[in-house]
Amino acid sequence: MRRWLAVARTPVGAASAVLLLLLAGLALFAPLLWGEQAGAIDTDALQQGSSAAHPLGTDALGRDILHRVLVATRLTIGLALLATVVGVGTGVVLGALPAVLPRWAGRVVTAAVNIAVAFPGLLLALFFAVVFGTGTTGAVLAIAFALAPSFARLTQTLTASVSGRSYIAAARVSGVGRFRVLVRHVLPNVAEPLVINATLAAGSALTAFAGLSFLGIGVQAPSYDWGRLLGEGLNRIYVSPAPALGPAVAVVVAGLAFNLFGEAAAAVLGHRPPPVRRGRPAPAPSTVDDVADEGVLTVRNLRVSFPGPDGWVTPVRGVSFAVREAEVVGVVGESGSGKSLTALAVSRLVEHPGVVTADRLEFLGKPVEGTPDRELGTSLAMVFQDPMTSFNPTRRIGSQLAEVSEQHQGMSRKDAWQRAADRLESVRVPGQRAKQYPHEFSGGMRQRAMIAMGLMGDPRLVIADEPTTALDVTVQREVLRLLGRIRDERSTAVLLISHDISVVQRTCDRVLVMYAGRIVEELPTAELFTAARHPYTTALLAAVPTLETDRDQPLAVIPGRPPEPAEVVAGCPFAPRCPLADDRCRAEEPVLTAVEAGHRVSCWRVEEQQRSALAESAGSRGGTT
Amino acid sequence: MSELRFESVSVHYGHRRTGHLAVDDVSLTVPSGKVVGLVGESGSGKSTLASTAVGLVDATSGTISLDGVDVRRLRRRDRGLQMVFQDPYSSLDPRMSIGESIAEAMPRGTDRRAEVARLLELVHLDPDRATALPARLSGGQRQRVALARALAGRPEVVIADEITSALDVSVQGAVLNLVRDLQRRLGLSMLFISHDLAVVRYVSDRIAVMRGGRIVEEGEADQVLARPRHDYTRELLEAY
Amino acid sequence: MTTATTSTASSGTSWLPFARRRAVRFATSLWALVTAAFLMIHLIPGDPVREALGLTAQPDVVAARREALGLDDPLLVQYWNYLGDLVRGDFGVSLVSGTPVADLIGDRLPATVQLAVLAFLVVVVVAVPVGVGMAVLTKGGRRRGGELGFTSVSVVVAAIPEFLLAVALVSLFAVTLGWFPVAGNDAAGSWVLPVLALALGPAAVLARMVRVELLSVLGNDFVRTARAKRLPARLVYLRHALPNALTATLTLGAMMLAALVAGTVLVENVFAWPGLGSTIVGSIQQKDYPAVQGIVLVYGTGVLLVNLAVDVVLALLDPRSTIREA
């Protein structure tokens, strides 16, 4: 209910709600107030045009059309609502039946609905108008039955999508009956879209009714609705337009009121609050103390921000690292740590409304921002997580590879295709499969084709964002091996993003551990299990079961959960889950600091230990001398 | 205490000739009070096998029995067989409080309020949260609620289908510990399905390896891991 | 662009089953349509001949007419005869004019088809570029004002039923300004208003749909891949995003196109267009059931053909659609 009130608070929702209330008021009171005037025959004022006494003119019996339009509100709206209720009710029942009927009977109902839904409502309405006879009852039933098939289809679609969810399966496993599942779980979860669509349907029922009456097969004299008044007015539209335009405007406004309310409801109930975009995200001081090395890719204080409902949200908050030639660097972190966004940002793929800032962001010694597309297109290769969705399903694999060379290397279509086939061969995909569409490839083969796409140029860096996550373990290995081979053969640098520590450990020279939008630790992979210092890194390593984990001990657990990007607060973001956290950790965010060559940690406690260890060794050395 | 037994179970999807065999003549026993881990890649048929046990999918041939009684002859509610699903974000009805969701599976005549509180405590959640909607819970908490709901049916056998694969690694451990703890305390028989061999190894007494709808290897967990007999098992092990 | 469509047929064995399924569906629908048309007369309460000829008609005239129509035969025999007649192209004889319904349809159908086809072309030519343009301009929450304006205008235009639009157009451009004829289809100018009246609403709906679909396609992984290849924006939109957006739009567009065919009924009545639409309404009012039956069949078949055509286009655009439904 509160959500529906929110609909009435949007400008469109409010305007249409007011209109609907006005219509309801007219429908209730107009016949009482003006019923007499609307029926008063005036033989002195037959077929008049617009005048002060009769703003919309008079009809063939001299009756005032304005009054007739107002009074007709009740019949028009009433019939439209009646038709909607009957139609929607029939539709929902038809749509829900297959869920409770035996399977064969359900199929019959579904097939019948599928046939009926292909025919436009007006045609169905005409058909039923013939069957039920011209007149009010016939028209109500005609419009109702014309609405029913599309509602049945809608109910079916919605029901099917809800039925696929595991809570339905769980309820069935628990022994909840089919009918009860439908009533308790399915219908409540499809009610909202159904109500929204019913509102829209009321709008179209209203106009459809007007259409039937206008054609003379709806409401019959002496009753009158807007459609009938319109039809009467149209006969003399060349003489005086007002008698036709009056009811026409009424139909349009009423139809719009229903439609707009439905649209507003759909917008409010279907979407999250719109992001607020004020000014630019705040800049932040650098979070590394040393100006570390440089390489193929140099990143310094990279930040990515998006507008959120309560201002800017910054999922990547000052990331600095470098990737050198022929080096494989891994980035690990849980979902929401900002690792994928970092990959997109360094490759200039973050789109509006996201904002990327960095003190330095350089690829091959030049700012990424100004590098021409031709250069990035041939020297920076990307591999994405899901090979199922990363290829365009409507185009052949070969053409998707070839367009790189056509676009950036000036090749003819034929040469480019030749090269595509050749590159596919190099990743052990038969060249003639270039002709095929992505859905004809297996997952692992698609991922290799994606890598081949990067090899169309001469990549100096491959950024692979979770390249193996969607693949089965046995397929994972060949993709990782392929990346390793490219590095070996071409001295290409690789930035490998993964949530899976074991993948990173097997493939990478160096690891960056990310948490809550920052790098918390950077160290050589070889030292990951022996020398990791950050409490998050060590906890993460302990929490992941391996084939050596002691089965008699409970798994190490990190209490709590990672913070959402919007809820990052002061201090170290890991402090709420950290067994070592003290007051300083909760107040002040640590800086990524070198503890050894090639090993940087962002943790106050590690820094303290480091300092005391130094002091101790200095002290002990002092003691011996 | 119950034993779940699959005997020559096959599941065929789609058209008789053009469809495919998702589960191909599988026989597997989950001994009373033991955990059998079922590993395999996506599409290997392990989830389909689980679905046949709880009646979400009909087996084309073969029988599934609980202590020797064909599960199809037991009423769902009295089967003593429950399942926990993979996706924490679709496993709870978004319009029902978690208490209602848990209570739904309870046998008639239970003191629902007290039982909900007891179950929530059992899965380390605050009983006061019984009135909360799932949207207020994190993924890990939702999986605990899903576990509590499964336990509400007083099952003797629980099937856990990839229950941690949608969770972050830092959260996964807590759920695995809970599963192991509950299994031991309640003496449940359990079929634990996962694509992650290390996870399966951690919770299981026995391990079955599934591929292409068939079980290619099955045995004591230690034996399967230390002395794999099938090439595919070896390949899986090498990936770690 | 050419490589994507030239030899789709080679890329899979799924075309034959696809064609078979479509043929079966078309045949079933056609059968349902014919049966519905046949039953229509029998569902009418009372005696259709008596209804048609009026209460004053002599009983022997009514009886003779019933006899002539075969209404006294058993239902199944009538059904069988009806099907047989249809196969021979015999749609029966009008109760009012006594002429064969087939002739009536032959006279009137061309004007309706011309109107519908022209209106449909206008819809596509206007809506697709407008939808694409609006999607590009308002991508990623840019130009909220423009988006609001476009959405409001398209909702309002779409909410105006075609016959009211027709009335408004007539009163403005034909009566007040006198630019175009009020009715008929004699002069070239007389096409403008009926086509506009039919096309504007669907164009607004389609433009909106194209925009929404394109925006949602732009969020897909393969669009990111195309951008990662550093293709020019033009190619990203036209080569990668649009075909995928159109496949989704087409399914909904089919229903809209069918509605457009039905919309001709109302528009023809406003403009006194000499097509089937103005005929069917007269026939319904005069209770000329054989004529109504015949015209309903023609409209229904037209709708089925539209759906079939859309399915085929869809299959050409998206190679997966032939197997996805299997």
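A short tour of the structure in this document, coming up.

1. Regarding the overall build of chain B
Working step 1: Along its length, chain B carries eight helices and 10 strands.
Working step 2: Over its C-alpha atoms chain B spans a radius of gyration of 18 Å, differing by no more than 12% from the 18 Å that the globule rule assigns to 240 residues.
Working step 3: Considering only C-alpha atoms, chain B reaches an extent of 50 × 40 × 35 Å along its principal axes.
Working step 4: The contacts of chain B with a sequence gap of at least 6 include a subset with a gap of at least 24, amounting to 68%.

2. Let's talk about the sheet that holds strand β10 (residues 214-220) of chain B
Residue and element names in this part refer to chain B.
Working step 1: Pairing in this open sheet of six strands is mixed, and the strands run β6-β7-β8-β3-β9-β10 from one edge to the other. Looking along the sheet, the strands with just one partner apiece sit at the ends: β6 (81-84) and β10. Geometrically, the sheet is characterised by an average inter-axis angle of 15° between neighbouring strands, direction not taken into account.
Working step 2: One ladder, built from six bridges, connects strand β9 (residues 206-211) with β10; its direction is antiparallel. Bridging from a neighbouring strand, Ala-208 pairs with Glu-218 of β10.
Working step 3: Relative to β6, helix α4 (residues 139-152) is tilted by about 170°, and along the sheet it contacts β6 and β7 (157-161).

3. Digging into the interface of chain A and chain C
Working step 1: Taken together, the 62 residues of chain A in the interface contact 61 residues of chain C.
Working step 2: Mapped by element, the contributors of at least two residues to the side of chain A that touches chain C are α5 (121-132), α8 (178-214), α10 (242-270), α12 (373-379) and α13 (397-408) of chain A.
Working step 3: No other element matches the 10 residues that α10 of chain A contributes to the side of chain A that touches chain C.
Working step 4: Looking at the side of chain A that touches chain C residue by residue, the classes come out as 36 nonpolar, 19 polar and seven charged.

4. Re the arrangement of the chains
Working step 1: Among the two pairs of chains in contact, the pair with the most contacts is chains A and C.
Working step 2: Without any contact between them, chain B and chain C keep their closest C-alpha atoms 9 Å apart.

5. Remarks on the interface of chain A and chain B
Working step 1: Taken together, the contact pairs 38 residues of chain A with 40 residues of chain B.
Working step 2: At the level of elements, α7 (166-173), α8, α16 (473-490) and α19 (535-543) of chain A are the ones that each hand at least two residues to the side of chain A that touches chain B.
Working step 3: It is α7 of chain A that provides the largest number of residues to the side of chain A that touches chain B, a total of seven residues.

Criteria and thresholds
- Residues numbered from 1 in each chain as written.
- Chains lettered and ligands numbered in written order.
- Predicted model: local features only at pLDDT ≥ 70, side-chain atom pairs only at ≥ 80, totals over all residues.
- Helix = DSSP H or I, 4+ residues; strand = E, 2+ residues; numbered from the N terminus.
- Rg over C-alpha atoms; globule rule 2.2 N^0.38 Å.
- Contact = placed C-beta atoms within 7 Å.
- Pairing = 2+ DSSP bridges.
- Axes fitted to C-alpha atoms, helices over the stretch in contact; angles between N-to-C directions.
- Nonpolar A, V, L, I, M, F, W, Y, C, P; charged D, E, K, R; others polar.

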